[in-house]
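Coordinate inspection notes
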Amino acid sequence: VALGLYFPRKEYLENVYLDEPAGMPLLRIHALKDAPEEVARFHLCHNLIVPRARPQENNWFQIREKTGLLYLSKSLDREDFNMLSVGNWMPLSKVILYVFLSSHPFQEKECDSATRTAVFLSLINATAPACSSLTARQLCFTEMDLSFHIKENKPPGTFHQLQLPSVHHLCQNLSISYKLLAAEGVPFRYNEDTTSVWVTKRLDREERERYELIAKCTVREGFREMQVEVPFLVNVLDEDDSPPFLPNGTDTAEAVVEFNRKEGTVLSTLTVYDADTTPIYPIESSRKKYTGTIITDDPWISETFRVEHIFDEIHFSPNGSQVRGTRHEY
């Protein structure tokens, strides 16, 4: 099983129409590495998941092991549609494929344990619409949000391709071009020749947690030109790599106790900040991360006083961008 390879998207969506030819490219799936020497290999396990029915053997879809290109290996005809829609009278039926990721040639027995992502395929009971009937939005982007998750401290790499393989394959009379609009200095680049987007350096979540870019697409048909823009969002996933810190540098607080204090009286406080993690639920997992201790040999003190631990989410602002963290108060 790959230790570090991972998918930058939690799921993928695509439409499949009746009678599209075998070999038709549907979508490209990407993987990012944990270590530079890893090689990503993609694999489909043999079953198609059909909601409210038994899994079906996958006879229609294949993925290129080295490139992650998902394609039709067999044309989906009306008989296939009826079988996969399980008597569903709707014009659309959804099935789910799982794509698995490995850094070595894949064994079928690994299907239960390897890193995977879900591909939701909408099977549409109609032939593909003519390119001239599609809007610029449909020609340029799928129904998926362009939203990605990249782990901090990992090697750079390609994580998305803007061009839709199916549209590029079917609508060759149209000219479709893209741009990635971003502020100066963001660590992402767009390659016009391959329409791929890559992260150019290792990211640091404690520096910046979210990047908001815009993908712009221009469709030209003869003298006609249409443009569409959509948000392109990258969230940086946390690794627990920064130590907690104390605002004044001390991890000990002294308490002076006067007589006749009521139960529940706060005698002393100590604050610890952690820029690295946000409060985790269930709450007990955050509580166990740090503990507050009264240092004493006197059993009466241990029985009479206690340390209470409360914490909440706060925001730090390094370089002017907001990063979430936790304030622990004892």
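Looking up the chain in an unreviewed UniProt entry gives the name RET kinase, with the organism given as Irena cyanogastra.

Here we come to the environment of Leu-246. Mapped onto the elements of the fold, Leu-246 is located in the loop between strand E16 (224–237) and strand E17 (271–274). Judged by its relative accessible area of 26%, Leu-246 falls in the partly exposed class. Note: C-alpha distance between Leu-246 and Glu-212 (34 residues apart in sequence) is 32 Å.

Sheet architecture is open: 4 strands sit in the order E10-E16-E15-E12, paired in mixed fashion. Bordering the open sheet on either side are strand E10 (146–151) and strand E12 (175–181), each of which pairs with just one other strand. When the angles between neighbouring strand axes are averaged without regard to direction, this sheet yields 25°. Judged from the 12 bridges that link them, strand E15 (residues 210–221) and E16 form a sheet pairing that is antiparallel. The residue bridging Ile-214 from the neighbouring strand is Pro-231, located in E16.

Now for the state of the cysteines. In this structure the tally under the stated criterion is 2 disulfides. In this model, Cys-131 is linked to Cys-171 through a disulfide, with the two sulfur atoms separated by 2.0 Å. Looking along the S-S bond of the Cys-131-Cys-171 disulfide, the torsion reads about -85°, which is the left-handed sense. Linking Cys-131 in the loop between strand E9 (115–127) and helix H2 (136–140) with Cys-171 in the loop between helix H3 (165–170) and E12, this pair joins segments that are 40 residues apart in sequence. With relative accessibility at 6%, the residue Cys-171 sits in the buried group.

A separate point is the nonpolar core. If you look at the biggest cluster of nonpolar residues, it comprises 34 residues, and the most contacted ones within it are Phe-141, Ile-150, Phe-159, Leu-162, Phe-188 and Phe-232. Elements with a contribution of two residues or more to this core: H2, E10, E12, strand E13 (188–191), strand E14 (196–199), E15 and E16. Other than its neighbours up to four places away in sequence, Phe-188 contacts Ile-150, Phe-159, Trp-198, Val-199, Thr-200, Leu-203, Tyr-211, Leu-213 and Val-234. Grouped together as the second largest cluster of nonpolar side chains are 31 residues, Ile-63, Phe-81, Leu-97 and Met-144 included.

Let us now look at the packing of aromatic side chains. Going through the model one piece at a time under the given rule, you end up with 10 aromatic pairs. With a centroid separation of 6.0 Å and an interplanar angle of 70°, the aromatic rings of Phe-159 and Phe-188 are classed as edge-to-face. With Phe-159 in strand E11 (residues 157–161) and Phe-188 in strand E13, this residue pair connects regions lying 29 residues apart in the sequence. Classification of Phe-159 as buried rests on a relative accessible area of 1%. Through a chain of ring-to-ring contacts, three or more aromatic side chains come together here, namely Phe-148, Phe-159, Phe-188, Tyr-211 and Phe-232.

Okay, the side chain of Glu-209 next. Residue placement: Glu-209 occurs in the loop between E14 and E15. For Glu-209, the side chain forms a polar contact with the side chain of Arg-205, separated by 3.0 Å. Apart from the residues lying within four places of it in its own chain, the contact partners of Glu-209 are Val-234, Asn-235, Val-236, Gln-322, Val-323 and Arg-324.

Another aspect to go through is the sheet that holds strand E18 (residues 310–316). Strand pairing in a sheet relies on backbone hydrogen bonds, with the paired strands running either antiparallel or parallel. Across the sheet, 3 strands lie side by side as E17-E19-E18; this open sheet has antiparallel pairing. Only two strands of the sheet have a single neighbouring strand rather than two, namely E17 and E18. Averaged over all neighbouring strand pairs, the angle between strand axes comes to 25°, with direction disregarded. Relative to strand E19 (residues 323–329), E18 is paired through 7 bridges, and the arrangement is antiparallel. Across the sheet, the residue bridging to His-315 is Arg-324, located in E19.

Taken as a whole, the largest pocket holds about 1400 Å³ of empty space. Taken together, 39 residues line the largest pocket, and the ones lying closest to its centre are Ser-268, Ile-294, Phe-305, Arg-306 and Val-307. Of all the elements, helix H5 (residues 299–304) adds the most residues to the lining of the largest pocket, at 4 residues. Classifying every residue of the lining of the largest pocket gives 18 nonpolar, 11 polar and 10 charged. Within this model, the second largest pocket holds a volume of roughly 550 Å³. Along the wall of the second largest pocket there are 25 residues; nearest its centre are Glu-14, Asn-15, Tyr-17, Gln-138 and Glu-143. Going through the elements one at a time, strand E1 (11–18), strand E8 (92–102), E9, H2 and H3 are the ones with two or more residues in the lining of the second largest pocket. At 4 residues, the largest contribution of residues to the lining of the second largest pocket is made by E1. Looking at the lining of the second largest pocket, its residues break down into 15 nonpolar, 5 polar and 5 charged.

Our focus in this paragraph is the UniProt feature "domain: Cadherin" (unreviewed entry) in the chain. Per the UniProt record, "domain: Cadherin" (unreviewed entry) is found at residues 142–246. The annotated region residues 142–246 carries 6% helix and 50% strand content, and the separation between its end C-alpha atoms amounts to 47 Å.

Procedures and definitions
- Every chain is numbered independently, its residues counted from 1 as its sequence is written.
- The predicted origin of the model limits local features to residues at a pLDDT of at least 70 and limits the giving and counting of side-chain atom pairs to 80 or more, whereas totals for whole chains, interfaces and linings rest on all residues.
- The side-chain figures draw on all heavy atoms in the structure; neither hydrogens nor water molecules are used.
- Helix and strand definitions here come from DSSP, where helices need a minimum of 4 consecutive H or I residues and strands a minimum of 2 consecutive E residues; each element is numbered from the N-terminal end.
- Burial here depends on accessible area, computed with a 1.4 Å probe over protein chains only, as a share of the maximum for the residue type. Under 20% is buried, over 50% is exposed, and the range in between is partly exposed.
- If DSSP finds at least two bridges between two strands, the strands pair.
- For helices, the fitted axis covers only the stretch in contact; all axes are lines through C-alpha atoms, and the angles between them, taken along N-to-C directions, range from 0 to 180 degrees.
- Pairs of cysteine sulfur atoms within 2.5 Å are what we label disulfides.
- Side-chain atoms within 4.5 Å link the members of a nonpolar core, which is a set of buried Ala, Val, Leu, Ile, Met, Phe, Trp, Tyr and Cys residues.
- Contacts are residue-level and defined by heavy atoms, with any inter-residue pair within 4.5 Å sufficient.
- When the centres of two rings from Phe, Tyr and Trp lie within 6.5 Å, Trp using its six-membered ring, the rings pair. Their planes under 30 degrees apart give stacked, over 60 give edge-to-face, and anything left gives tilted.
- Whenever a nitrogen or oxygen atom comes within 3.5 Å of another N or O atom, the pair is scored as a polar contact, on the condition that within protein one atom can donate a hydrogen and the other can accept it, and that pairs from neighbouring residues in sequence are kept only if both atoms are in side chains.
- Cavities and pockets were defined on a 1 Å grid built from protein atoms only: a cavity is a group of points that admits a 1.4 Å probe but offers it no way out, a pocket is an open group of points flanked by protein on both sides within 12 Å along at least five of seven lines, and a lining residue is one with an atom within 4 Å of any such point.
- Grid points are joined across faces, edges and corners, and a volume is the space filled by probe spheres set on the points.
- In this classification, the charged set is Asp, Glu, Lys and Arg, the nonpolar set is Ala, Val, Leu, Ile, Met, Phe, Trp, Tyr, Cys and Pro, and all remaining amino acids, among them Gly, are polar.
- UniProt positions are given in the numbering used here, feature names are shortened, and annotations may be inferred rather than shown by experiment.

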